Amino acid sequence: MPEPALHLYAITDRPEAELPDVAGLDDARLCAVRHDGLAAVCSWATGVEATPPALWRHEAVAETLMADRSVLPARFGIAFTDEAGLRAELVRREDALAGSLRRVAGCVELGLRVLAEPQDEPSDEPLGDQTGRAYLTIRLEARRRAERLAAEVHGPLARLAEAARERVLLTERLPLSAAYLVRRERVDAFRSEVERLAAERPDLRLLCTGPWPPYSFAATDEGAA
Amino acid sequence: MTETPLAVQQQEVTLLELVDRVLDNGVVLSGDITLAVADIDLVYVGLRALLSSVGTIERGGEAAADA
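A few points on the structure. (Residues numbered from 1 in each chain as written. Chains lettered and ligands numbered in written order. Predicted model: local features only at pLDDT ≥ 70, side-chain atom pairs only at ≥ 80, totals over all residues.)

1. Some details on the overall build of chain B
Within chain B one finds three helices and one strand. Per-residue burial over chain B gives 31% buried out of 67 residues. (Helix = DSSP H or I, 4+ residues; strand = E, 2+ residues; numbered from the N terminus. Buried ≥ 20, exposed ≤ 12 C-beta atoms within 10 Å, placed from the backbone.)

2. Brief notes about the overall build of chain A
Secondary structure assignment for chain A yields four helices and nine strands. Sequence-ordered secondary structure for chain A, helices as α and strands as β, is β-β-β-α-β-β-α-β-α-β-β-α-β. Along the first, second and third principal axes, the C-alpha atoms of chain A reach 65 × 45 × 30 Å. Relative to its full complement of 225 residues, chain A shows a buried share of 40%. Long-range contacts, defined as pairs at least 24 residues apart, comprise 72% of the intrachain contacts of chain A with a sequence gap of at least 6. (Contact = placed C-beta atoms within 7 Å.)

3. Description of the nonpolar core
All names here are of chain A. Ranked by internal contacts, the top residues of the largest apolar core, which has 69 residues, are L8, A10, A40, V41, L72 and Y180. Ranked by residue count, the leading element in this core is strand 6 (residues 107–116), at seven residues. No fewer than three residues from each of domain 1 (4–104) and domain 2 (107–217) sit in this core. Residue contacts for Y180: discarding those within four places in its chain leaves E109, L110, L157, A158, A161, A164 and F190. (Core = buried A, V, L, I, M, F, W, Y, C linked by C-beta atoms within 7 Å. Domains from an automatic or database assignment.)

Fair warning: the whole summary comes from geometry, so function is off the table for now.
And the structure:
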């Protein structure tokens with residue numbers, strides 16, 4: 001039988017703020033471990049598994065907290081056997097965590113996936129007719145297309161963001177996947193820009209998700225501790 | 001690529017984006033208990049299998065690259 005443990009949802013500022021009335025994993029009440037200007041929001045849970053409902057619950061807690069404070073959402077699956085262990089981590093990482101919180105203050109994360117119809121897909125050709133050189137040429141062209149697309153689509157969006165993380169040409173059908181840290185007051189402008197870009201490029205599908213808590217920008221600067 | 005309705009694609013992308021965020025990003029503290037990487041991989045593969053259009057977009061692309 002697994003022991004109950006404190007499952008971590010997020011690190012937040014405003015430790016004095018009341019915790020929202022939203023249930024955590026196992027429908028447990030949220031609690032917080034506080035240190036100086038930080039709060040680690042957590043709840044007791046037993047035998048946590050990474051099922052879709054559990055992931056959504058974790059996300060719901062982080063999202064609710066984001067409504068009235070800055071949050072560093074935690075990776076799913078970090079837990080402590082007691083409050084003392086969690087407090088020790090807060091104390092040890094205080095400066096880095098506070099720095100990251102300042103960086104994401106007033107911002108949300110928006111996600112973008114660009115889906116494309118593959119052109120000159122190698123698998124459409126009879127295998128025997130393709131030389132290695134022809135294959136490499138096709139791959140190289142796909143790479144160039146993805147880079148042009150990144151410049152056309154990612155560039156204007158990155159200019160509306162405080163920070164961005166992009167991955168180019170994951171596959172030919174997913175040439176771009178990106179995350180943007182966007183000030184709340186610019187979210188509408190960002191979405192309008194996505195619509196404008198989508199209208200300009202009917203050959204692509206631009207799927208924008210969020211606002212998310214800033215998962216992609218929550219890492220601290222101090223390196224692997 | 002089979003033409004999947006945009007709304008379905010959007011839903012699938014949202015779930016995929018959630019998984020990428022909560023399991024692969026976010027702040028990491030050194031907890032006493034951390035979910036095993038094997039468990040996370042299992043969920044990830046399972047979810048991808050469920051996501052018909054987006055899942056196959058990525059796998060299809062890789063298969064094409066291997067051809």
